[in-house]
Amino acid sequence: MIRKLAGVLATLLVTSFVIFGASYAAPGDPVTFLAGGKENLTPEYLAAVRAQYHLDDPFLVQFGRWLGDAVTGDLGRSTQYNDQVGDLLAARLPSTLGLVAYAAVLFVVFGIALGVLAAVRGGRTDAAVVAGTTFATSVPPFVVATVLISLFGVRLGWFPVMGGGSLWHLTLPAVTLALGALAIISRVTRQAMVEQRELDHVTVARASGLAERLIVVRHVFRGALGPIVTMCGLVTAGMLAGTVTVETAFGLSGIGSLLVNAINTHDFPVTQAVLLLMVTAYILVTTLVELVQPLIDPRARRST
Amino acid sequence: MTAVATLSPRPARPLGYLLAAAFLALVVVAAVCAPLVTPFEPDAVDFAASLAPVSPEHLLGADQSGRDLFTRILYGARTSLVGPLLLLAIASALGVALGTLAAWHRGWVDAVVSRVTDVMYAFPGLLFVVLIVAVFGNGMTTAVIALGLAYAPTIAKYTRSVALAECGKPYIDSYRVQGMGGLAICVRHLVPNMARSIVGYLVVLFGEGLMSLATLSFLGFGAQPPSSDWGLMVKEGQPAIVQGAFLPVLVPGAAIALVVVSFNVIGVRLADRMGVRGT
Amino acid sequence: MLLSVEDLTIEAGGRRPILREVSLSVGKGEVVGLVGESGSGKSTIARAVLRLLPQGATASGRVLVSGVDVLSMSPAALRDLRASQVSMIYQDPRSSLNPVRRIGDFLTERMVHTLGRPKAEARARALELLAAVGMRDPELCVRQYPHELSGGMLQRVVIAAALAADPALLLADEATSALDVTTQAETLALLRRIQAERELGMLFITHDLHLAAAYCDRVHVLYAGTVVESRPAKELFADPRHPYTAGLLACTPELGDPRPIRPIPGRPPSLDDAFTGCPFAPRCPHASAECDTWQPHPLTVAGGSAACRLVEA
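This is a predicted model, so every value here is computed, not measured. (Residues numbered from 1 in each chain as written. Chains lettered and ligands numbered in written order. Predicted model: local features only at pLDDT ≥ 70, side-chain atom pairs only at ≥ 80, totals over all residues. Heavy atoms only, no water.)

Draft legend 1. Highlighting empty space enclosed by the protein. Counted under the stated rule, the structure contains six cavities of 30 Å³ or more. The computed volume of the largest cavity comes to approximately 200 Å³. Together, 19 residues line the largest cavity, and A:Val204, A:Ser208, C:Phe106, C:Arg110 and C:Ala161 are the ones closest to its centre. Broken down by secondary-structure element, the contributors of at least two residues to the lining of the largest cavity are helix 9 (200-207) of chain A together with strand 6 (86-89), helix 4 (103-114) and helix 7 (151-163) of chain C. Counting residues per element, the lining of the largest cavity draws most heavily on helix 4 of chain C, which supplies four residues. Approximately 60 Å³ is the volume attributed to the second largest cavity. Along the walls of the second largest cavity sit 13 residues, with C:Pro243, C:Cys278, C:Cys284, C:Cys291 and C:Cys308 positioned nearest its centre. Looking at side-chain class alone, the lining of the second largest cavity contains eleven nonpolar, one polar and one charged residues. (1 Å grid on protein atoms, 1.4 Å probe; cavity = no way out; pocket = protein on both sides within 12 Å on 5 of 7 lines; lining within 4 Å. Points joined across faces, edges and corners; volume = space filled by probe spheres on them. Helix = DSSP H or I, 4+ residues; strand = E, 2+ residues; numbered from the N terminus. Nonpolar A, V, L, I, M, F, W, Y, C, P; charged D, E, K, R; others polar.)

As structure tokens, then:
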């Protein structure tokens, strides 16, 4: 348990070091880079940047200060918006989290349902689900987004095309974000259930006269729950990164589109902050998923 | 007799496989021979034809600037197919070398390679690539190299597992006994023997690489105008949607989807045949 | 008769049927042994009694439980048969229990979900059964997970679960083969005690002919899907009439027996081996050319039957 936490902290430290150190890998003087480009640089401004990033200190000290500030919520100042990065994130995070939550509900419910359906029905249903999920994983989200906008936004006019805020606005983006995840989850569900169904204890339950529906619910699905929950957690964790594409495609204002804008405008403090946030969230959620495992599988309880 | 729904073993679908292979061949030939297939230039602006619908002249319509979409798709196939090829070349050169090294040396080399891999895996999705682009600037070259780096750990991991199995076979030991050097064994015997399964794995990764690269172009990090990269075409076509013109996004979108599906269909089949573990 | 299998033939696409015209019966309070090597089809018989046939298999003949044919009964009747008339005990207790459910859940599942008894009653019954199979702390046991118990303890749990619905017939499919020798003896004694107390009919399946001969009232020896010999246990042991039975007995060393161990030459036939005559002929020390064309069928011998041409002669 303690080993595990130490490992997580080490990973966090190393990844944040990579994110911080990246600015030094940039060609040219880090000051120019951090100031966001070569134009309009007055010596006073450069000096301010130099002081803000403590560029005169040794490298590791700089990293320590940066990390310390980041942990206490001070993520620096955006070169583009001239705002505190923390405020920018705080303003945009709710809409992104809403999008992720909406998409997570969609893919968990429909992904598991499709997977169960494919495993239980077999035959044509199964073939259709397998073919459908293969196709769904072959279409990049930004293409899905444009198709959905064209069809449901413009042609049929069922959903608003741009802007955000309401659940209605978030529906098409959430569907886009969920589609690939849905395909993955339904495949994992189907596979896990097919594997579980072959196990002896399922035959034992059947031999004791248990109705087929109960066998599926109490044994096959229950046994498959471990891999399904793990995968749902991992996919949800990765979704924050997926918002980069989806928010850009739908013109939503969240941290994903903030990242894209920051990169295109060389706003490195914002880039660093968003990356740090997304990577931290990813690592924490994946760790959480591992910690939840023993609740699902009693056999995993012994080793912890 | 018991009420169990049987899962028929997935039928081999040679038809789908052949269709996919034929489609890809057609795309490659058309991309290479683009000037012979279409009378237009990919960058030829013709505002008279702005957002032209499908017609005998413009087979798939035209975009806002009146550029012929069919032509742009054909020329765009060059970037959109060569890009993933290059990034896989970079990734597999690095990945195969590191994976083989890790499997051959074990010990600290293995440990270092797997730690580096772990750190890169801690970045979800394309974020590692996004970081590199943020530092080194937008553009196709950066995007391809960054994706190459990002895919290297995946390939290294796969190579390592294949190489470990291969190293356990007696023929490797017999070369060792004969006094052949480690490098020579790896380069002349180990890697060639792994080539089949690695190539099979690369086919599976190609579709993914194409999607990633197109996504970067769509975000503005990869190909830059006036390139007719498919991802960039979708980005540039997006404003036309609200005017009710869907062809500028649907045509390149469909091109990406069809090519990736084809690669996946072929990849799945190759994986089945060679016992390559899928992604 | 409690169980009566008549001319049961099961085919599943191999070059020969898994079972060919098997007939046997089990009466109330009777222990009937079914002996054979792996692949002989002995487990298939037990599973056929519950209509758990291999994928894509076709069955002909009849399997009567209390006079009703299992192979042709309605799904509802079949569930009722599985739930309350016949119970099976399996080889590997570890894989018989769902690893993510508690022991108590395993015991009460059939009572609550199939027989519709109230939960509290089922729980009381589970505790009672655990005590009956000799578990020291039933209260603790129902809260435990399968991985917290040893194989022998788990097999007791499986036996307890088999008794949950007061079945008339027990199918014990290699019920002790996966256990340690000492646990094996305990489990065998337990099964025997329970069988006697409740006057159950029991089909006892094993690969160990000595065990079957000592444990059962009557024994059927199975080879390549056919019953080659059916006799009362003592007679079979003292005077085997089929060369295969004799061979099996000679395989096992016995203390104080000066004869050398004589393994049966060759290997057990697989489903891809088809036979024109007696399936045992290729491995039989007494085989002659006629055996390759002689269709085996049961011939009456003292106390039972044997399917060997040489019995006739």
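There is more to say, and it comes next.
Draft legend 2. View of the pairing of strand 10 (residues 226-232) of chain C. All names here are of chain C. Counting buried positions over the seven residues of strand 10 gives six, a clear majority of the element. Direction of pairing for strand 9 (residues 218-223) relative to strand 10: antiparallel, over a ladder of six bridges. The partner of Val 221 across the bridge, within strand 10, is Glu 229. What sits between the antiparallel neighbours strand 9 and strand 10 is a turn of two residues, in which Ala 224 has the positive phi angle 50°. (Buried < 20%, exposed > 50% of the residue type's maximum accessible area, 1.4 Å probe, protein only. Pairing = 2+ DSSP bridges.)

Draft legend 3. Quick look at the confidence of the model for chain B. Considering every residue of chain B, the mean pLDDT works out to 85; 93% of them sit at 70 or more. Here helix 2 (residues 34-37) of chain B is the element of chain B with the lowest mean pLDDT, 82, and helix 3 (residues 69-105) of chain B is the one with the highest, 92. (pLDDT = per-residue confidence, 0-100.)

Draft legend 4. Quick look at the pattern of salt bridges. One pass over the structure, following the stated rule, counts 29 salt bridges over all chains. One salt bridge in this structure joins B:Asp118 and B:Arg115, with 3.1 Å as the shortest N-O distance. One end of the pair, B:Asp118, and the other, B:Arg115, are both in helix 4 (residues 107-121), three residues apart, so they sit about a helical turn from each other. Overall, the relative accessible area of 37% leaves B:Asp118 in the partly exposed class. Connected via shared salt-bridge partners are A:Arg218, C:Arg101, C:Asp105 and C:Glu109. (Salt bridge = Lys/Arg side-chain N within 4 Å of Asp/Glu carboxyl O.)

Draft legend 5. Structural view of the interface of chain A and chain C. Taken together, the contacts link 21 residues of chain A with 22 residues of chain C. When chain A packs against chain C, close to 2100 Å² is buried across both sides, 57% of that on carbon and sulfur atoms. Linking chain A to chain C there are two salt bridges. Here A:Arg218 and C:Glu109 are joined by a salt bridge, their closest N and O atoms 2.7 Å apart. Where chain A touches chain C, the interface holds nine residue pairs in polar contact (both at pLDDT 80 or more). Within the residue set of the side of chain A that touches chain C, elements represented by two or more residues are helix 9 and helix 10 (212-250) of chain A. Here the side of chain A that touches chain C gets seven residues from one element, more than from any other, and that element is helix 9 of chain A. (Contact = heavy atoms within 4.5 Å. Buried area = accessible area lost by both parts, 1.4 Å probe. Polar contact = N/O pair within 3.5 Å; in protein donor to acceptor, adjacent residues only side chain to side chain.)

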